[in-house]
Amino acid sequence: MALHLIMSASYNALLAILLYILDKKTAFSKTPYKLKQFIIGVLFGLMAIFATTTIGGFDIGDGTIMNVRDAAPLCAGLIFGAPAGIIAGLIGGIYRFVAVFFGLAGIYTQIACSVSTILAGFIAAVLRKHMFDNKKPTWLYGMGIGMVTEVLHMLMIFFTNMDDAVNAFEFVKICTLPMVIGNGLAVGIAVFIVSLISREKSGSKKDQKQISQTFQSWLLICIVIAFVATSTFSSVLQTGMSEVQTNKTIEMSLSDVYQDILDESNSNLLKKTESIKEEYTGGAELQILASKYNVIEVNIIDENGYICDSNVEEYIGYDMTSGEQSNEFVTALLEGSESQYIQDYRPTSYDDITFRKYGAIKLSDGGFIQVGYDSTQFRADIDKYVKTVSKNRHVGNAGFVAICDENFNLVTYRNDFEGTELQKIGITFDPETIKEGEIFESVVYDKEYLCSYRFVEGYYIVGAMPKYEAMFMKEVSVYVNTFMEILIFAALFVLIYFLIKRIIIDNLRKINKGLAEITNGNLNVTVDVRSNEEFASLSDDINQTVGTLKRYIKEAAARIDKELEFAKQIQYSSLPTVFPKSNSFRLYAEMITAKEVGGDFYDFYMLNDGAIAFLVADVSGKGIPAAMFMMRAKTVIRDLAERGVEPDEIFTIANGKLCENNDAGMFVTAWLGILDTKTGLLKFANAGHNPPLFKRNGENFEYMKARSGMLLAGMEGIKYRKNELQLTPGDTLYLYTDGVTEATDNNTELYGEQRLLDFVNSLEKTEPESLCKLIKEDVDKFVGTAPQFDDITMLALDFDSIIGDESISVVPDSDSRIAVGAFADSLSAKLETQPKIANKINIVFDEIYANIVNYSKATLAAISYSIENGKLRISFTDNGIPYNPLKAAEPDTTLSAEEREIGGLGIFMVKKMTESMEYEYTDDKNVLTLVISLS
Amino acid sequence: MTIEKKISNESATLIVSGRLDTQTAPELENELDSVLSGLKELTFDFANLEYVSSAGLRVILKAQKAMNAQGSMKLTSVNDSIMEVFDITGFLDILTIE
């Protein structure tokens with residue numbers, strides 16, 4: 001049978017595996033959900049039908065077919081989905097109902113079987129949906145559900161056949177175990193194997209248990225404990241109660257018979273005593289009376305309780321009060337007011353071995369007459385009656401009453417076994433060990449009986465009840481109780497679980513979902529679970545916290561914005577905005593920062609030898625780090641440039657320095673040029689920066705094709721190429737950062753290098769300032785309303801002229817002063833970027849030339865100047881009388897006005913204004929050379 | 001160089017513009033000679049004076065000496081370049097500059 005059971009159970013698992021594989025591995029998975037559910041439902045419905053047949057199920061031997069039909073809808077519903085379960089249940093159930101009419105299935109369990117199969121489908125559907133979150137359960141739950149469903153099935157069989165309770169109960173008793181196990185196994189195996197295939201470890205186990213799982217486990221444990229406790233308790237109680245009930249039933253029959261016999265025996269003796277009293281005249285006729293009425297004793301007792309006369313001579317003179325048994329008569333009749341008294345059959349006071357039954361009636365003279373006889377005598381009188389009393393008496397439904405005498409010979413029994421010994425029918429008991437009313441077991445004709453006895457008037461009345469009858473109610477109670485408890489506890493389990501899930505777990509999930517969104521950065525999510533006060537307050541707390549957080553973030557953002565703005569200002573203010581004024585070049589630069597702090601910068605500064613260094617650079621990234629890196633790069637480059645280092649060398653050294661401690665991995669692109677304003681020679685280096693636009697005077701702009709070097713701070717040990725370009729007056733150079741070429745419009749189109757080139761070539765005038773402003777305007781026009789993402793930085797330089805060596809020769813008369821003045825002015829103009837240079841040049845020219853004109857008597861003079869290494873050298877040559885102004889006495893400038901000498905101040909002032917003066921007299925000429933340091 | 005004179009009773013203001021150099025200094029010297037006698041207060045307004053050479057200094061010193069004897073003299077609105085010249089030559093100590 002076990003083999004059959006397992007085979008039947010495995011059909012479902014096979015179908016489940018087949019469908020599962022189909023669904024996961026083949027095109028079946030693409031079938032729409034509803035159709036798929038329908039197909040699965042129908043297939044499992046067919047499986048349920050198959051289980052109903054003799055092949056799918058199995059005969060337990062008497063034509064009753066055991067089956068695992070209910071497992072099919074359960075498998076469909078639990079493993080594949082609620083609709084499939086319901087469809088399979090309906091198909092299986094309806095078939096089971098209809099099959100009866102074609103003789104394919106039994107009518108006895110028709111309703112119970114079909115309803116339970118349909119129910120199985122719904123149970124599976126509801127459980128999957130509300131308890132297992134539309135996932136398949138673990139195999140243990142599957143097995144449990146299969147078993148509980150089958151318990152329901154069994155209970156329904158019993159209840160639908162209540163009019164035939166005994167048979168229905170027998171049927172249920174036989175079917176319960178195999179069918180409950182069979183269905184449980186069928187569902188459990190199917191779920192287990194499908195889980196194995198899907199490689200899911202039973203359900204949705206994660207590292208941490210979900211509340212629902214922990215709760216399920218504990219609830220299950222509690223429910224099982226409660227179930228075991230109540231079942232055990234009710235079973236014990238039922239057993240006890242059924243014992244009491246059995247006792248009572250037997251006892252009732254026994255005491256009826258007992259009373260009847262006692263009454264009959266009493267009235268028999270009283271009748272005899274009455275007759276003897278009637279006939280007693282006070283003479284010596286007691287012997288005759290005793291034999292006439294067939295009694296052993298007839299005693300006359302006087303008013304003092306002494307036997308005054310008896311048919312047994314030795315009794316005469318006996319004091320009735322001397323024995324307990326005999327004293328009862330004295331107490332009742334002489335001391336009390338009874339007129340007659342009867343005693344049951346018992347040992348006499350006079351002699352313990354002798355059993356007697358006595359009756360007595362009061363006499364008119366104050367004494368009483370007592371009659372006694374023994375069992376043989378009264379049995380002759382009442383045996384007949386005893387037979388009628390017990391003959392048709394039943395104990396319970398199938399029990400009986402048997403009566404035997406003191407020697408255990410049957411007086412009466414159902415089939416007139418009179419005379420035979422009691423033990424012949426299987427009942428034996430020893431009155432010494434088994435007390436009256438106590439239950440003992442006997443086997444009567446192979447049937448177990450529960451027995452009990454009463455002893456009365458020399459009869460043993462034995463009541464017997466078949467054990468199965470005694471136990472039937474108990475078993476029914478225990479079965480039904482247990483079944484009901486299983487169902488109730490299962491329902492309770494599901495209900496409590498469902499409630500907890502609804503009230504707590506679902507709400508927790510809702511809150512968690514909200515929190516997950518919040519932690520992902522969406523602070524605008526509000527958690528709103530209001531199903532009960534606790535969750536409402538939790539929701540409020542969360543919302544409040546998020547609100548506070550939002551406020552803090554906003555405040556922090558505002559603070560950071562302010563600080564960034566500050567940083568931007570610092571960065572901005574570090575850029576030079578006063579542009580050098582020079583005849584030889586014009587320079588203009590501008591940086592338009594984006595909203596954020598960026599890393600763009602430009603820089604320019606005059607170097608010692610009249611050269612100007614200028615650069616445009618772009619630090620990678622944005623924000624404070626970029627700004628700080630920018631300051632560093634700017635300082636390093638400027639420091640090197642001011643020490644007179646060449647551009648390529650500046651980059652080589654700066655790259656090394658910037659690579660140090662560059663943990664942030666920042667880098668900077670830069671284009672650095674150093675223009676010798678005297679010669680127009682531009683030396684430059686490019687570290688990965690956008691190629692500048694360059695325009696020769698009168699030609700178009702072109703991108704400078706010179707190969708770029710590696711960007712700065714990118715890699716150590718880079719050597720940068722040296723580039724040189726000879727500028728001629730009218731040449732224009734335009735440097736920019738990618739903020740210009742990578743400006744994007746609303747369609748994310750780039751401004752681009754071509755557009756920039758076309759635009760600058762369309763311009764008529766390319767003055768540095770207007771060039772920069774026009775390009776910015778054009779970029780703005782292109783960008784439109786799109787936000788500016790990057791800093792826009794540009795620098796334009798226009799080379800105008802070269803300061804060369806100049807000289808003038810004059811005849812030193814007063815008229816020549818004007819020409820010399822103009823010569824001095826032209827020099828001042830060339831050096832207009834130098835502070836206070838004009839004043840110095842004026843003083844030098846004025847004082848020295850005045851001396852030549854006024855005192856040298858020269859006929860020819862020449863003045864020349866040159867600029868070298870940041871120094872202006874001016875030479876005055878004349879052919880006048882030799883005069884070394886350096887030897888002239890210095891005036892005392894500390895004297896008061898009155899003490900001062902007029903004169904000598906001119907040379908003194910010149911000395912003060914110059915770095916050095918040299919005088920020599922060669923070839924009959926005075927040559928005075930002055931050196932003025934340029935900054 | 002141009003010179004504008006404002007004379008009232010015993011005080012005079014000379015507004016000197018342009019360059020006060022070797023060439024133009026004699027011109028200022030002549031002007032001073034004509035106004036100095038009996039003067040109690042002399043003011044030079046150098047707001048528009050660009051440059052002073054040693055010859056100019058000579059004239060200014062001469063005027064200061066004269067005014068020390070008969071009254072007071074002051075200079076107003078002196079530009080930076082000229083101040084430097086005054087500084088180098090120690091004239092700051094002997095002049096009254098406002």
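Residues numbered from 1 in each chain as written. Chains lettered and ligands numbered in written order. Predicted model: local features only at pLDDT ≥ 70, side-chain atom pairs only at ≥ 80, totals over all residues. Heavy atoms only, no water.

Next up on the list: the interface of chain B and chain A. Contacts between the two partners involve 22 residues from chain B, matched on the other side by 24 residues from chain A. Buried area between chain B and chain A, summed over both chains or domains, comes out near 2100 Å², and the portion from carbon and sulfur atoms is 59%. By the criterion of area lost to chain A, the three top residues of chain B are Tyr51, Lys65 and Ile88 of chain B, representing 26% of everything that side buries. Taken together, the connections running from chain B to chain A amount to zero salt bridges. Counting residues per element, the ones that place at least two in the side of chain B that touches chain A are β4 (49-52), α2 (54-70) and α3 (80-88) of chain B. With seven residues, the single largest contributor to the side of chain B that touches chain A is α2 of chain B. Residue composition of the side of chain B that touches chain A, grouped by class: eight nonpolar, nine polar and five charged. (Contact = heavy atoms within 4.5 Å. Buried area = accessible area lost by both parts, 1.4 Å probe. Salt bridge = Lys/Arg side-chain N within 4 Å of Asp/Glu carboxyl O. Helix = DSSP H or I, 4+ residues; strand = E, 2+ residues; numbered from the N terminus. Nonpolar A, V, L, I, M, F, W, Y, C, P; charged D, E, K, R; others polar.)

Glancing now at the confidence of the model for chain B. Mean pLDDT over chain B: 88, with 100% of residues reaching 70 or higher. With a pTM of 0.50, the predicted complex shows an ipTM of 0.81. (pLDDT = per-residue confidence, 0-100.)

Where a strand is regular, its side chains alternate between the two sheet faces. Residue and element names in this part refer to chain A. Taking burial as the measure, the seven residues of strand β10 (residues 399-405) include seven buried ones, the bulk of the element. Of the two faces of β10, both are covered, the one formed by Gly399, Val401, Ile403 and Asp405 as well as the one formed by Phe400, Ala402 and Cys404. In this sheet, β10 lies alongside strand β9 (residues 394-395) in antiparallel orientation, the contact comprising two bridges. Bridge assignment links histidine 394 to a residue of β10, and that residue is phenylalanine 400. (Buried < 20%, exposed > 50% of the residue type's maximum accessible area, 1.4 Å probe, protein only. Pairing = 2+ DSSP bridges.)

Residues and elements named next belong to chain B. A complete count under the given rule lists 37 salt bridges over all chains for this structure. Glutamate 10 is paired through a salt bridge with lysine 40; the nearest N and O atoms lie 3.7 Å apart. One end of the pair, glutamate 10, is in the loop between β1 (2-8) and β2 (11-20); the other, lysine 40, is in the loop between α1 (25-35) and β3 (41-45), with 30 residues separating them in the sequence.

Once that is clear, we can look at the side chain of serine 620 of chain A. Tracing the backbone through its elements, the reader meets serine 620 of chain A in the loop between β17 (611-619) and α14 (623-642). Setting aside its immediate chain neighbours within four residues, serine 620 of chain A contacts Ala626, Met666 and Phe667 of chain A.

This next bit is on the sheet that holds strand β23 (residues 732-736) of chain A. Residue and element names in this part refer to chain A. Pairing within the open sheet is antiparallel, and its five strands lie in the order β15-β24-β23-β20-β21. Edge positions in the sheet fall to β15 (585-592) and β21 (701-703), since each of these pairs with one other strand and no more. Adjacent strand axes in the sheet meet at a mean angle of 15°, parallel and antiparallel pairs treated alike. Looking at chain direction, strand β20 (residues 693-695) and β23 are connected through three bridges and run antiparallel. Across the sheet, the residue bridging to lysine 695 is threonine 732, located in β23. (Axes fitted to C-alpha atoms, helices over the stretch in contact; angles between N-to-C directions.)

Before going further, it helps to spend a moment on empty space enclosed by the protein. All names here are of chain A. Per the counting criterion, the structure on display carries five cavities of 30 Å³ or more. Taken as a whole, the largest cavity encloses approximately 120 Å³ of empty space. Of all the secondary structure elements, the ones that give two or more residues to the lining of the largest cavity are β3 (297-301), α10 (324-335) and β7 (355-362). (1 Å grid on protein atoms, 1.4 Å probe; cavity = no way out; pocket = protein on both sides within 12 Å on 5 of 7 lines; lining within 4 Å. Points joined across faces, edges and corners; volume = space filled by probe spheres on them.)

Residue and element names in this part refer to chain A. Residues Leu90, Ile94, Phe97, Val98, Phe101, Phe102, Leu104, Ile111, Val115, Leu119 and Phe122 make up a contiguous nonpolar surface patch of about 1000 Å² in total accessible area. When residues of the nonpolar patch are traced back to their parent elements, those giving at least two are α4 (82-99) and α5 (110-130). The residue isoleucine 111 is located in helix α5 in this model. (Patch = residues over 30% accessible without salt bridge, like charges linked within 9 Å, V, L, I, M, F, W, Y side chains within 5 Å. Areas by Shrake-Rupley, 256 points an atom, 1.4 Å probe, with all protein chains shown as cover.)

Turning to the packing of aromatic side chains, a few remarks are in order. Residue and element names in this part refer to chain A. What the rule picks out here adds up to 39 aromatic pairs over all chains. Considering the side-chain rings of phenylalanine 169 and tyrosine 479, the 5.1 Å spacing of their centres and the 85° angle between planes classify their relative orientation as edge-to-face. With phenylalanine 169 in helix α7 (residues 165-198) and tyrosine 479 in helix α12 (residues 467-519), this residue pair connects regions lying 310 residues apart in the sequence. An angle of 75° between the planes, with centres 5.6 Å apart, marks the rings of phenylalanine 651 and tyrosine 720 as edge-to-face. With phenylalanine 651 in helix α15 (residues 647-659) and tyrosine 720 in the loop between β21 and β22 (723-726), this residue pair connects regions lying 69 residues apart in the sequence. Here the basic side chain of arginine 454 rests over the ring of tyrosine 258, its NZ or CZ set 4.2 Å away from the ring centre. In this arrangement the basic side chain of arginine 551 is found over the ring face of tyrosine 552, its NZ or CZ atom lying 5.7 Å from the centre. (Phe/Tyr/Trp six-rings, centres within 6.5 Å; stacked < 30°, edge-to-face > 60°. Lys NZ or Arg CZ within 6 Å of the ring centre and 35° of its normal.)

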